[in-house]
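# Working through the structure, step by step
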Amino acid sequence: MLMMETHFMQIKTAEFVTSASEVDESPDWAHPEVAFIGRSNVGKSSIINMLTGRHGLAKVSSTPGKTRLLNYFLINQQWGLVDLPGYGFAKASRADKERFNELVGDYLMTRAQLRHLFVLIDSRHSPQKIDMEFLSRLVDTDIAFSLAFTKTDKLNEKKSRANVREFLIAQSEVTGVEPATVMTSAKTRQGRNELLGMARKAMEL
Ligand code: GTP
Ligand code: MG
């Protein structure tokens, strides 16, 4: 068991495969996938780079709304990572917002390869309405998910823990479930092994 976990943490190959503007353009592979979603700028692309140890793999930007397509990465020729467009990108036009919601919605509802969704939450903030709205819709599906709190390096541990506690209370009122959680930082690599362990378990690899 320990051997397998160690092996899984080792990312031997991580390749960008394709960007899809429609779910139909997604890779037609048999590999299981995990996907990353969350508010625009929460750190989805950064966490993918941190997990894979490949800095420029997913495009990171300080300007929200960088990732607008479904971006597929193949890891160890064995499993997929999917970088999804962020929700709540304030500057997007209404038509763009609807298009992204539809793209993400289609992916979540139809992609048979999806085994687990990591919902990223910024650990610096108190609970945000937009995250609650997303989670309240997500629990109406049968998609397995966990919460990954991001950017823990930006705040002292006491404050980020307090935000997380507050978030978990608020989310349980909305969702009625208690998902697994992980604290992460793309900068210090906090949470890397834990998150990869959760992904491995979810994909039964
Ligand atoms: P969109 O694609 O626009 O939805 O954003 P995203 O969720 O992919 O966020 P991205 O990874 O592009 O990161 C947004 C900004 O936050 C960038 O400036 C990153 O460098 C920064 N950032 C992301 N994660 C961390 C982290 O763990 N620590 C610190 N200090 N900065 C981070
Ligand atoms: Mg991104």
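Residues numbered from 1 in each chain as written. Chains lettered and ligands numbered in written order. Predicted model: local features only at pLDDT ≥ 70, side-chain atom pairs only at ≥ 80, totals over all residues. Heavy atoms only, no water.

Around ligand 1 sit 21 residues, and of these Lys44, Ser46, Gly65, Asp153 and Ala186 come closest. A distance of 3.3 Å is found between an oxygen atom of ligand 1 and a side-chain nitrogen or oxygen belonging to Ser40. In the model, an oxygen atom of ligand 1 is placed 2.9 Å from a nitrogen or oxygen of the Ser45 side chain. Protein coverage of the free-state accessible area of ligand 1, which is 660 Å², stands at 87%. (Near = heavy atom within 4 Å. Polar contact = N/O pair within 3.5 Å; in protein donor to acceptor, adjacent residues only side chain to side chain. Areas by Shrake-Rupley, 256 points an atom, 1.4 Å probe, with all protein chains shown as cover.)

Moving on to the nonpolar core. The biggest cluster of nonpolar side chains holds 31 residues, and the ones touching the most others in it are Tyr107, Leu117 and Val119. Among the secondary structure elements, those contributing two or more residues to this core are β2 (33-38), β3 (70-75), α3 (94-110), β5 (114-122), α4 (129-138), β6 (145-150) and α5 (157-175). Once residues within four sequence positions are removed from consideration, Val119 is found in contact with Ile37, Tyr87, Phe134, Leu135, Leu138, Phe145, Ser146, Leu147 and Ala148. If you look at the next biggest cluster of nonpolar residues, it comprises 26 residues, including Leu57, Ile75, Ala148 and Ala199. (Core = buried A, V, L, I, M, F, W, Y, C linked by side-chain atoms within 4.5 Å. Buried < 20%, exposed > 50% of the residue type's maximum accessible area, 1.4 Å probe, protein only. Helix = DSSP H or I, 4+ residues; strand = E, 2+ residues; numbered from the N terminus. Contact = heavy atoms within 4.5 Å.)

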